[in-house]
Amino acid sequence: MMLLDFKYELLPSNRHIRLIRILPDGSLLPGVRISIEQVSLDEKPAFHAISYTWDYQVPKKHILCNGRRLKITEKCKEMLQDLLPNKDFPRLWIDAICIDQTSITEKNVQVPLMADIYKSATSTVVWLGQTDTWINRALGHLSAFNPCDHHWNRDVIRDRLTKLQENSETYRKQGQSRFPRETLRSQTNVFESVFGLSWFRRTWTLQEGSLAPLVWIRFAPEKRKSSDNGLMVSFDDILKHVDWLLNHAHEYLDSSTAYDSAGFQLTFEMIRPFAYFRRAVQSKTQSSRDLLAGAGMQPTMLDCFTKVNSESKDPKDRVYGLYGLFRALNLHKHLAAVEYSKPIENIYIDTVKAIITTDNSLDILNMINGHVQSKSLPSWVPDFTCLHKKNETSEKFLQIEPTLFRATFDSPRIFSFSESNILHTQGHVIDHIERVPAKSAPSGRNWFWTSAGRTPEGLLRNYPLLSSYSQDWYQTFREWATLVLSLESEAPIKTSVQAITAQQAYFRCLTLGVWSSSSEPPLPTSVLNSYLKDEFPMWWLVFSMAASGDIPWHEYANLVRQKFKDDEESLVEFEAQFQTTLDHALMDRAATAWAVISIIADSFNKFISYRSTVGRNIFVTRHGYLGIGIDQMKKEDSILLISGLSVPMVARIVAGDENQYRLIGSAYIPGVMEGECWCGDKKELTEFAIV
């Protein structure tokens, strides 16, 4: 029998949506069958919303919809088959089916309704595919850390944490990590079986997991286990247990570094945004807003971009995928209407204008990193396509945190926009760049996120791998060390509050200033740990020696011996392979140095090479300041302090107009970050036209 293709009928109003029912499998027409109906949200229909990821699949599978053929993705069909016998979900809203994906006009209407759809749903079911042994173990471990468990005591908690770490060690040895290679963590753990799934990295899923009053995590049963019913877990319970592990687990271990080294903090970074925005959306009173502990304030529009690890197939969805969240948080007043036919440059320009106006803040300028796909974007508009594109610099890029600094004190935020998309601001030109090393930090994947060794044995086993990844980084840091050493020989480094050496200023630049004002970093342990500070002298020793010439192999060996003087087993392994490895080491000094650094200063080296320096370069100004900024800086570029912006900006004068600038990116400069160079009260501000 020849079946006709399903055709969508126009929705009667801007408040109408479509809902589907999954029908019992018919004997005459086997397969997935659904019916679809139109309803108005104003009628408050009962339904459940489904959240899942397409994973870049294209519709190739057929189902029957109102007796006609409808193409859907393979993953969507698997999800419908899983929910087929479930009478608890009679009516469903699924974006891939309930919105005509071929109609730009309909998408323009339906996308702004997302907030109402998810808030109106009885629940949202997050469908994450089939369960397996590791997922079951991960969720079992997570449920064991329930702060309301009355059986808890210190011994029970320590025992559960020990079992968790043992399971993670097995998971790691079996190479089970589900994170994509470009974001692979150095240490995998059992929780990656859940939080490494693609759903936690998609733009759309943030609002889907944040807006509904009740959210369930659903895992379908394994196909080979017919008696398995799968798993259905409360998302709020998961968030509650993760919160405990993030904030309290280290209190029950002999060493917090042992917990951190397992990668739990990094893995949980994927779920932090959901916890943050779910609490924000649900906070209706001042007392409930206090639940946003760690956030410090009601979310801003900028928070919606900076707190998210997100991917989207359509770059326009990098903005439109957050519209429901903006509406739920009452941040949509200045947003332009959804219009998929609009050029992406116009979408990004309109969005940045809305962010600056709604937040009354210029902090969005801190997201500019010099990497753009569209040359028609003004320099004050970050290219969100590049900011979240796989394998790009900015996926690893750690922003200079504006809330930590006050380069312009509490100066007023002064801004306006002209019709030609020029941002008008005011401030001071405080300096110009004088010297920039020829070699900036690489922006590619780093070797140490593979299984290359963090031990003496691993060092000796992985020379080919180390050689291929280490050369650029080694040469970069060696050249930077040469510049820093030259500053120490020329004159004291320029600061105005306290005397520091060039080496101390260099440390602050490499860590983006998180230790500039206190002994403990004001960032979570997922970003920095206090012991990193202690590793810098060893790290600096290697590169300061290398800047003067190649270090003899026996000097490297002595550094390793010193690091592992209390680890007899590792030292025995190292000495046993020392002679057989000597010839390889002499052939590649860069690989040798980089491998040794990964042992004696592993945590510090990882942080700066993966997060803080990637895609950046250091520089020296005419007035003698040492700083770090975007790798596209050039000699003669200006250092601007813009009124109302808490970090300095590197900018380039537009030819023919000394008051017109193109922004290159933000910079960290010791001696500038605390307002030492701001003279807004004593000197008339200069008008800047940012093009």
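Cut-offs used in this document
Residues numbered from 1 in each chain as written. Predicted model: local features only at pLDDT ≥ 70, side-chain atom pairs only at ≥ 80, totals over all residues. Heavy atoms only, no water. Core = buried A, V, L, I, M, F, W, Y, C linked by side-chain atoms within 4.5 Å. Buried < 20%, exposed > 50% of the residue type's maximum accessible area, 1.4 Å probe, protein only. Contact = heavy atoms within 4.5 Å. Helix = DSSP H or I, 4+ residues; strand = E, 2+ residues; numbered from the N terminus. pLDDT = per-residue confidence, 0-100. Axes fitted to C-alpha atoms, helices over the stretch in contact; angles between N-to-C directions. Parallel < 35°, antiparallel > 145°, perpendicular 65-115°, else oblique. Nonpolar A, V, L, I, M, F, W, Y, C, P; charged D, E, K, R; others polar. 1 Å grid on protein atoms, 1.4 Å probe; cavity = no way out; pocket = protein on both sides within 12 Å on 5 of 7 lines; lining within 4 Å. Points joined across faces, edges and corners; volume = space filled by probe spheres on them. Salt bridge = Lys/Arg side-chain N within 4 Å of Asp/Glu carboxyl O.

**What to know about the nonpolar core**
1) Next: One finds Leu-80, Trp-93, Ile-97, Phe-200, Leu-365, Tyr-506 and Trp-539 to be the most contacted residues of the largest nonpolar core, which totals 180 residues.
2) Next: Apart from the residues within four sequence positions on either side, Leu-365 is in contact with Trp-380, Leu-423, Ile-642, Leu-645, Met-649 and Leu-663.

**Considerations on the environment of Thr-124**
1) Next: Turning to its location among the elements, Thr-124 is positioned in strand E7 (residues 123-130).
2) Next: Overall, Thr-124 belongs to the buried group, its relative accessible area being 0%.
3) Next: Between the alpha carbons of Thr-124 and Leu-92 there is a distance of 9.5 Å; along the sequence they are 32 residues apart.
4) Next: With residues near it in sequence (within four places) discarded, Thr-124 still touches Ala-49, Ser-51, Tyr-118, Glu-208, Ala-212, Leu-214, Val-215 and Trp-216.

**Some words on the confidence of the model for the chain**
1) Next: For the chain, the mean per-residue pLDDT works out to 81, and 77% of the residues sit at or above 70.
2) Next: Here residues 388-396 is modelled with pLDDT under 50, and outside its nearest four sequence neighbours on either side it reaches 32 contacts, counting other chains as well.
3) Next: Note on residues 516-528: pLDDT is under 50 here. Beyond four places in sequence and across chains, it has 28 contacts.

**Let's talk about the packing of helix H5 (residues 133-143) against helix H9 (residues 235-248)**
1) Next: Where H5 contacts H9, the two axes come as close as 9 Å, and the packing angle between them is 70 degrees. In terms of orientation, H5 lies roughly perpendicular with respect to H9. Residue-level inspection shows Leu-139, Leu-142 and Ser-143 of H5 in contact with H9, the latter providing Ile-238, His-241, Val-242 and Leu-245.
2) Next: Here the contact of H5 with H9 is built from residues that sort into five nonpolar, two polar and no charged.

**A word on helix H21 (residues 502-510)**
1) Next: Summarising burial for H21: seven of the nine residues are buried, a large majority.
2) Next: Three or more residues of H21 are buried, namely Ala-502, Ala-505, Tyr-506, Phe-507, Arg-508, Cys-509 and Leu-510.
3) Next: Following H21 by one or two positions, Leu-512 adopts a phi angle in the positive range, close to 55 degrees.

**Here's the deal with the layout of surface pockets**
1) Next: Its boundaries defined by the atoms lining it, the second largest pocket holds a volume of some 880 Å³.
2) Next: Lining the second largest pocket we find 38 residues, and of these Trp-54, Pro-59, Asp-95, Ala-96 and Gln-101 sit closest to its centre.
3) Next: Among the secondary structure elements, those contributing two or more residues to the lining of the second largest pocket are strand E3 (48-51), strand E5 (68-72), helix H2 (95-98), helix H4 (114-120) and helix H8 (203-210).
4) Next: Ranked by residue count, the leading element in the lining of the second largest pocket is E5, at four residues.
5) Next: Along the lines of polarity and charge, the residues of the lining of the second largest pocket split into 18 nonpolar, nine polar and eleven charged.

**Regarding the pattern of salt bridges**
1) Next: Evaluation of the coordinates by the stated rule reveals 18 salt bridges.
2) Next: Here Asp-410 and Arg-406 are joined by a salt bridge, their closest N and O atoms 4.0 Å apart.
3) Next: With relative accessibility at 35%, the residue Arg-406 sits in the partly exposed group.
4) Next: Among the ionic pairs, Lys-439 bridges to Asp-472, the shortest N-O distance being 3.6 Å. Of this pair, Lys-439 sits in the loop between strand E11 (423-435) and helix H19 (456-461) while Asp-472 is found in helix H20 (residues 463-490), placing the two residues 33 residues apart along the sequence.
5) Next: For Lys-439, a relative accessible area of 26% gives the class partly exposed.
6) Next: Taking relative accessible area as the criterion, Asp-472 reaches 41% and is therefore assigned partly exposed.
7) Next: Ionic contacts of the salt-bridge type, sharing partners, join the residues Arg-15, Asp-42 and Asp-116 into one network.

**Quick look at unusual backbone geometry**
1) Next: Although it is not a glycine, Asp-55 adopts a positive phi angle of roughly 55 degrees.
2) Next: Owing to a relative accessible area of 31%, Asp-55 belongs among the partly exposed residues under this scheme.

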